[in-house]
Amino acid sequence: MSRKYTTAFMLTLALLAGCAPSKQEFAVIVETVQGSAKARQLAMKECTANWTPQQRKEASIVIDSSEKDAPRLVCSRFVEAIRAGRVDYNDAVDIRRKNWTPKLVRIFQGR
């Protein structure tokens, strides 16, 4: 697996597992996601895997979608926000701490 894929994979696992990357790792992740469609695809694949029924339900309420579509929508919006530079290091830390901010809610709702 190339370093680009490893970085995208690391981001997805770190954020979903509740571990925030260092500032430097986050900067590398952003650059990788911005420059590699394959890294974004891998991040989507890893992000959408293994959602529990409870997570699907909660996400569907927040983003106003079906439970079936919630993982795909949350992940695509999150990856796109990273690519667009809308997610910063502090947001990654907030996600790790499950400190949901209005900014993160807007991102996950696609606004």
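Residues numbered from 1 in each chain as written. Predicted model: local features only at pLDDT ≥ 70, side-chain atom pairs only at ≥ 80, totals over all residues. Heavy atoms only, no water.

Caption draft 1: Representation of the pattern of salt bridges in the model. Taken as a whole and assessed by the stated rule, the structure comprises four salt bridges. Between K103 and D88 there is a salt bridge, with the nearest N and O atoms lying 3.7 Å from each other. Taken as a pair, K103 in helix 7 (residues 102-109) and D88 in the loop between helix 5 (70-84) and helix 6 (89-96) lie far apart in primary sequence, 15 residues in all. A relative accessible area of 33% means that D88 is categorised as partly exposed. (Salt bridge = Lys/Arg side-chain N within 4 Å of Asp/Glu carboxyl O. Helix = DSSP H or I, 4+ residues; strand = E, 2+ residues; numbered from the N terminus. Buried < 20%, exposed > 50% of the residue type's maximum accessible area, 1.4 Å probe, protein only.)

Caption draft 2: Geometry of the packing of helix 6 against helix 7. Closest axis-to-axis distance for the helix 6/helix 7 pair is 10 Å, and the angle between their directions is 90 degrees. Accordingly, the angle class assigned to the pair helix 6 and helix 7 is roughly perpendicular. Between helix 6, through D91, D94 and I95, and helix 7, the contact on the second element is made entirely by K103, L104 and F108. Across the contact of helix 6 with helix 7, the residue classes break down as three nonpolar, no polar and three charged. (Axes fitted to C-alpha atoms, helices over the stretch in contact; angles between N-to-C directions. Parallel < 35°, antiparallel > 145°, perpendicular 65-115°, else oblique. Contact = heavy atoms within 4.5 Å. Nonpolar A, V, L, I, M, F, W, Y, C, P; charged D, E, K, R; others polar.)

Caption draft 3: Representation of the nonpolar core within the structure. Core analysis: the largest hydrophobic core is formed by 23 residues, its most contacted members being I63, V74, F78, I82, V87 and F108. Of all the secondary-structure elements, those providing two or more residues to this core are helix 2 (23-35), helix 3 (37-48), helix 4 (53-63), helix 5, helix 6 and helix 7. In contact with F108, not counting residues within four places along its chain, are I63, V74, R77, F78, I95 and W100. (Core = buried A, V, L, I, M, F, W, Y, C linked by side-chain atoms within 4.5 Å.)

Caption draft 4: Summary view of the packing of helix 5 against helix 7. One way to put it is that helix 5 packs onto helix 7 with a least axis distance of 7 Å and a crossing angle of 115 degrees. In this structure, helix 5 contributes V74, R77, F78 and A81 to the contact, and helix 7 contributes I107, F108 and Q109. In the contact of helix 5 with helix 7, the residues fall into five nonpolar, one polar and one charged.

Caption draft 5: Molecular detail of unusual backbone geometry. Residue N50 is not a glycine yet carries a positive backbone phi of 65 degrees. Summarising the element assignment, N50 is placed in the loop between helix 3 and helix 4. Here N50 falls in the exposed class, since its relative accessible area comes to 76%. The backbone phi angle of D64 is positive, close to 60 degrees, even though this residue is not glycine.

Caption draft 6: The packing of aromatic side chains, seen in detail. Summed over all chains, the structure comprises three aromatic pairs. Here F26 and Y89 contribute two aromatic rings whose centre-to-centre distance is 6.2 Å and whose plane-to-plane angle is 70 degrees, an arrangement assigned as edge-to-face. Residue F26 is found in helix 2, and its partner Y89 is found in helix 6; the two are separated by 63 residues along the sequence. Residue F26 is classed as buried on the basis of its relative accessible area, which comes to 5%. Cluster of aromatic residues (ring-pair linked, three or more members): F78, W100 and F108. (Phe/Tyr/Trp six-rings, centres within 6.5 Å; stacked < 30°, edge-to-face > 60°.)

Caption draft 7: How the structure looks around the side chain of S36. Relative to the helices and strands, S36 is located in the loop between helix 2 and helix 3. We classify S36 as buried; its relative accessible area is 8%. At 3.0 Å, the side chain of S36 forms a polar contact with the backbone nitrogen of A39. (Polar contact = N/O pair within 3.5 Å; in protein donor to acceptor, adjacent residues only side chain to side chain.)

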